[in-house]
Amino acid sequence: MDRRAKSLVLCVIGCLLSACVGTLPEPRIPAYVPSSAIQSGLLSTRSTPLDVALVIMNDTAGKDSAPPLSDEELRPVPELFHVRLERELPVKVVKESLVRAMSDRAGAISWKQIAEEQGVEMLLIAVLSHVEKRSQDSLLLDGSHEGGGAMGTVLGSVTSDYALVELALLDTKADRVLARAEGRGWATLEEIDSRLASNVYPAIRKAGGMQRYFPPREDPAKRATLRWVAGEDALNQAVAHLKENWGR
């Protein structure tokens, strides 16, 4: 395949991935958080950080959802969210917790009770969702996406992870949402199927295709790393969007 044709193919693939990232995963926070209208302007007059309890859920009930993250995979998530939120928003996270998401029993979740147990009135609820798609593909032996390929190709697979982070600031005393935002991210894991020695596969590629990570081939955690890369992008977007909406 010549360079021009390859560039066209990569452009088409990029458009398809962008389309998927705009629709998958489907929004899940409406299943857990009251659908009351956002009360605008109630945060704009505050001069001090808002005390909140951070509640994180890994939803797996959406369409084509990936399996739930394990306890070990979830272990560093609260600290990551805590740091990003406090760094970018006028909030002080006084406590953080993980709640196993069960949308079929979402009505049984008492946000007021959770807030009382955490000693606050405000909850910052974060819902993390993933969808994974795997396909067979011919991968360039040199790992290039930028018009190379002189070394030929090898049969492999590409696993695409689409991540969604949804944030909602809930005033449990008044039972109203003060701010809401979401962010999306995606990343791919490229693996060769043969036992061919390679120093460029497996590779985890961030959105945009330029930045790559190279986990060991036999690393059982490389799928978790893929989710981390996509999820961190989604978190960064969600926090940026919530910052834009703060106090409006």
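Source: prediction; values computed, not measured.

Rules behind the numbers
- Residues numbered from 1 in each chain as written.
- Predicted model: local features only at pLDDT ≥ 70, side-chain atom pairs only at ≥ 80, totals over all residues.
- Heavy atoms only, no water.
- Pairing = 2+ DSSP bridges.
- Helix = DSSP H or I, 4+ residues; strand = E, 2+ residues; numbered from the N terminus.
- Contact = heavy atoms within 4.5 Å.
- Axes fitted to C-alpha atoms, helices over the stretch in contact; angles between N-to-C directions.
- Polar contact = N/O pair within 3.5 Å; in protein donor to acceptor, adjacent residues only side chain to side chain.
- Buried < 20%, exposed > 50% of the residue type's maximum accessible area, 1.4 Å probe, protein only.
- Core = buried A, V, L, I, M, F, W, Y, C linked by side-chain atoms within 4.5 Å.
- Salt bridge = Lys/Arg side-chain N within 4 Å of Asp/Glu carboxyl O.

**A few points about the sheet that holds strand β5 (residues 176-192)**
Pairing is mixed in the open sheet, where seven strands are placed in the order β2-β1-β3-β4-β5-β6-β7. For this open sheet the edge positions go to β2 (91-99) and β7 (212-213), each flanked by a neighbour on one side alone. The pairing of strand β3 (residues 122-140) with strand β4 (residues 153-171) spans 19 bridges and is classified as antiparallel. Considered in β4, the bridge of Asp137 is made with Gly156. With respect to the sheet, helix α5 (residues 222-245) is in contact with β3, β4, β5, β6 (203-206) and β7, its orientation differing from that of β5 by roughly 150°.

**A short note on the side chain of His130**
Mapped onto the secondary structure, His130 falls in strand β3. At 2.8 Å, the side chain of His130 forms a polar contact with the side chain of Asp161.

**Section: the environment of Val99**
Structurally, Val99 is set in strand β2. For Val99, a relative accessible area of 23% corresponds to the partly exposed category. On a C-alpha basis, the gap between Val99 and Asn58 in space is 7.8 Å, while along the polypeptide they are 41 residues apart. Once you skip the residues sitting within four places of it in the chain, Val99 turns out to touch Val55, Ile56, Met57 and Asn58.

**Considerations on the nonpolar core**
Grouped together as the largest cluster of nonpolar side chains are 36 residues, with contacts concentrated most on Phe81, Leu85 and Leu169. Elements supplying a minimum of two residues to this core: β1 (50-59), α3 (77-88), β2, β3, β4, β5 and α5. A total of eight residues in this core trace back to one element, the largest contributor, which is α5. In this structure, Tyr32, Val33, Ala101 and Val120 belong to the second largest nonpolar core, which totals 17 residues.

**Thoughts on the pairing of β4**
For β4, the tally of buried residues reaches 17 of 19 residues, placing the bulk of the element in the interior. Relative to β5, β4 runs antiparallel, the two sharing 16 bridges. Note that in β5 the partner of Asp171 across the bridge is Arg176. Taking the residues between adjacent antiparallel strands as the criterion, β4 and β5 are bridged by four residues, where Asp175 takes a positive phi near 55°.

**Details of the pattern of salt bridges**
The full count for this structure, using the stated rule, is 15 salt bridges. Here Arg84 ties to Glu232 by a salt bridge, and the two come within 2.5 Å at their closest N and O atoms. Note that Arg84 is positioned in helix α3 and Glu232 in helix α5, a separation of 148 residues in sequence. On the accessibility criterion, Glu232 (28% relative accessible area) is partly exposed. One salt bridge connects Arg87 with Glu88, and the closest N-O pair in it is separated by 3.5 Å. Note on Arg87: relative accessible area 54%, which makes it exposed. Judged by its relative accessible area of 30%, Glu88 is partly exposed. When salt bridges that share partners are traced, they join Glu26, Arg28 and Asp59 into one network.

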